[in-house]
Structure formats: C-alpha cells, structure tokens
Amino acid sequence: QVQLVESGGGSVQAGGSLRLSCAASGFTYSLYYMGWFRQAPGKEREGVAGISGYGGGNRYYADFVKGRFTVSQDDAKNTVFLQMDSLEPGDTAMYYCAAGRPSSDARHIASAYNFWGQGTQVTVSS
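The rules we used
- Residues numbered from 1 in each chain as written.
- Predicted model: local features only at pLDDT ≥ 70, side-chain atom pairs only at ≥ 80, totals over all residues.
- Heavy atoms only, no water.
- Helix = DSSP H or I, 4+ residues; strand = E, 2+ residues; numbered from the N terminus.
- Rg over C-alpha atoms; globule rule 2.2 N^0.38 Å.
- Contact = heavy atoms within 4.5 Å.
- Areas by Shrake-Rupley, 256 points an atom, 1.4 Å probe, with all protein chains shown as cover.
- Lys, Arg positive; Asp, Glu negative; His and termini not counted.
- Charge placed at Lys NZ, Arg CZ, Asp CG, Glu CD.
- Salt bridge = Lys/Arg side-chain N within 4 Å of Asp/Glu carboxyl O.
- Buried < 20%, exposed > 50% of the residue type's maximum accessible area, 1.4 Å probe, protein only.

1. Here we look at the overall build of the chain
Here comes step 1: Summing up its helical and strand segments, the chain has 0 helices and 11 strands in all.
Here comes step 2: Mapped from its N terminus to its C terminus, the chain presents α and β elements in the order β-β-β-β-β-β-β-β-β-β-β.
Here comes step 3: Over its C-alpha trace the chain gives a radius of gyration of 13 Å, about what one expects of a compact globule, namely 14 Å for 126 residues.
Here comes step 4: Restricting the contact set of the chain to residue pairs at least 6 apart, pairs at least 24 apart contribute 56%.
Here comes step 5: Accessible surface, the chain: about 6200 Å² in total, of which carbon and sulfur atoms supply 46%.
Here comes step 6: Across the chain, the mean location of the 10 positive side-chain charges is 2 Å away from that of the 10 negative side-chain charges.

If you want it as structure tokens, here you go:
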C-alpha cells in the first residue's frame, strides 16, 4: 500500500521557521520524483518545490519561495524534507507531499503526480 505521511506543520509568527517531513512507503522511492505542493482555501493547488528520490538531484523551487525554502531528502529513510525559513502570512496553506514521474517541465504541476499525502497545515501570523 502506497503511503505518504506528512508531519511538521504548525502555527508560527512571520519570520519564523518550520521543517516539514514526508515519509514514503509502498513504492520504489528511488524511481520517483518527490514534490511539495500547497493549497489555501479557495485557491488552486500550487507547486512549491521538488527533488529526485534518486540522489536528491533535479531540485526545483517556485519563484515565490526561492531563497527562503530548501528541499532535501534522505534515501536511507525514504523521507523528503522542506525547510521553510522567513515564513510570511502568504505561506499559510495546507502543504502536501506527492510522488510521481513528471517531465522536466511539469514538476510544478499537480496533475503530473500519482500519489499524495494527507497534508499538514501551516499557519503564519503577522
């Protein structure tokens, strides 16, 4: 059974930090690309960052998080992380971990992914 389990969300003040984790199981992690997405109420789901499950290469970041967020992964633990620094109220959303095999120009597109976690809430207050 495929499982992606996110953790690490919470409530922080603007300028604070959180580290999200996504533990993967039930599929061959090294054959997939791992993406982070977020969705605020009434808004479309948007890509945040991504990383290859094979060696941690091919990273991408959305323009709105570059310089603030860092994606990484641990092959031995089949776990991907999202370090979020300098958080802003606009970062408030449900954050989801996803696994898929997107083309290089579709890594930020939700429909290109096959498996999804349940999400973890991030709330940033001013």
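2. So, the pattern of salt bridges
Here comes step 1: In the structure shown here, the tally under the stated rule is 5 salt bridges.
Here comes step 2: In this structure, Arg38 engages Asp91 in a salt bridge whose closest nitrogen and oxygen atoms are separated by 2.9 Å. Placement of the pair is Arg38 in strand S4 (residues 33-39) and Asp91 in the loop between strand S8 (79-84) and strand S9 (93-100), with a sequence separation of 53 residues.
Here comes step 3: Asp91 serves as the salt-bridge partner of Arg68, at 2.8 Å between the closest nitrogen and oxygen. Taken as a pair, Arg68 in the loop between strand S6 (60-61) and strand S7 (69-74) and Asp91 in the loop between S8 and S9 lie far apart in primary sequence, 23 residues in all.
Here comes step 4: Among the residues examined, Asp91 registers a relative accessible area of 1% and is labelled buried.
Here comes step 5: Here the salt bridges do not stand alone but share partners, grouping Arg38, Glu46, Arg68, Glu88 and Asp91 into one network.

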